[in-house]
Amino acid sequence: NENSCLLVERFGKEIGKNNAIWETCTENIFNDLIPLCSYGSDKVVLKDCNLFEKMSNGQCFTFNESSFGHKVGLTQGVNFVINYDYPGTADEINNPATIILHDPNQQPDIKNIMAKNYPVEPGHIIDLKFSATVIESTEDFDAMNFESRLCNEHDGKVNCLMHQLNELAKYVCGCQPWYTFEVGGQQCDAIGTLCYEKAILNGTMDMNLKEQCHESCKIVKYSSLILQENSNMDTIINLESYGDDFNNYFTKTERLLHYMGNPWTKREFVEPRLQRSSLIHINFEESEVWTVTKDAKITIPDMVGNIGGTLGVFI
C-alpha cells in the first residue's frame, strides 16, 4: 500500500544507495519482471521465461533472438507478461515499464528521441505491431574487403564491438578515461586509464563479445511501434487459453495470500493479481518483410576472366 511504499523510500534515503544490504535487495528486485513469455509459436501459450536476457543494470531485459523475422510460419511473434508486484521506492513502482524497439546494432533509445518506445501501464493487454527491412549479403560480397563494401562508415558490427569493449572495460576497471567519459560516470585516474586500455586490448580477443554482434553489413532495421490494441487486463476470463503456466501463475494461493484472507469467486480472487501485471504482444505489421540483398557486382575470378577475354580478342 501507499504507506509501505513511502516507508521503503524513506528507508532507502536513510541508509543510502551505496549500502551493501540495499544493493543486494535492489539487485534482485527485477528478477521476476518478465516471469512468462513465448516466441514464434502457432498458439499464444506462455511458459516460464528464459528468452529475455537481464542487462548489467539489473532493471532492463533484452530480447535478442536473431532468427526473429526469418522463420516461416511463426505468426505469434513475442508475447510476455510484465510483473509489477515487486518491492521498491514509490517512484520505481509508479513508473510504467517501457518497450523499446531498436535495431540490433544500436543502443536502446532510452530518451525516445526516435519515437519507437511505448510505455506499458499495469493492468493492460497491449498489442504492438512493427515493420522491418532485412539487409543481407551474399558470399561473394562477404569475401570483399571492408573498403570495397562501401558500408564500413556505417558498419554495425564495428560499432557494436566498440560498445561491447567499452562496457567490458568500464565493468572491469570501474571507471572511464577522460576521452570516453560519460556524464554521471566515474572518471579514471592514471592507473585506472591503464587498466581501461588493457581491458580494451584483452577484450579484442574475447570471442564471446564478437558473437553478440551481427555480421558486418547485415542488419535489420525496424520502423516505429504501432499500437493495435490496448484493453484492460481484467477482460481475460479464460486463463486456461494461455496455457497451464499462465493459469497457475495467477491462480496459485501462495501468490495471492497477501491480497485476500478468504477466497471468494475465482474472478475476485485473481483480479488484484491481474491489476499488477500486463500482457504484451509484439509482432510484425505485415506477413512479409522487405529484404535487400547486397552482392558483388564483379568478383576477382570474373575480373580475371574479363581481362583475359579482352586480351584474347585483341591478340
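Criteria and cut-off values
Residues numbered from 1 in each chain as written. Predicted model: local features only at pLDDT ≥ 70, side-chain atom pairs only at ≥ 80, totals over all residues. Heavy atoms only, no water. Disulfide = S-S within 2.5 Å. Helix = DSSP H or I, 4+ residues; strand = E, 2+ residues; numbered from the N terminus. Buried < 20%, exposed > 50% of the residue type's maximum accessible area, 1.4 Å probe, protein only. Pairing = 2+ DSSP bridges.

A. Summary view of the state of the cysteines. For the structure shown, the criterion picks out three disulfides. Two residues, Cys173 and Cys195, share a disulfide whose sulfurs are 2.1 Å apart. Between Cys173 and Cys195, the S-S torsion sits near -90 degrees, and that sign places the bridge as left-handed. Of this pair, Cys173 sits in helix α6 (residues 156-173) while Cys195 sits in helix α7 (residues 190-203), placing them 22 residues apart in sequence. The side chain of Cys175 participates in a disulfide bridge whose partner is Cys188; the two sulfur atoms lie 2.0 Å from each other. Sign of the S-S torsion, about 100 degrees for the bond between Cys175 and Cys188, identifies this disulfide as right-handed. Remark: Cys188 occurs in the loop between α6 and α7 and Cys175 occurs in the loop between α6 and α7; sequence separation between them is 13 residues. Residue classification places Cys175 among the buried positions, given a relative accessible area of 8%. Overall, Cys188 belongs to the buried group, its relative accessible area being 11%.

B. The arrangement of the sheet that holds strand β1 (residues 36-39) in detail. If you walk across this open sheet you meet the six strands as β2-β1-β5-β12-β8-β11, and the pairing is mixed. Single-partner strands in this sheet number two, and they are β2 (47-48) and β11 (226-232). In this sheet, strand β12 (residues 277-284) lies alongside strand β5 (residues 78-83) in antiparallel orientation, the contact comprising six bridges. Looking at β12, one finds that Val81 is bridged to Leu279.

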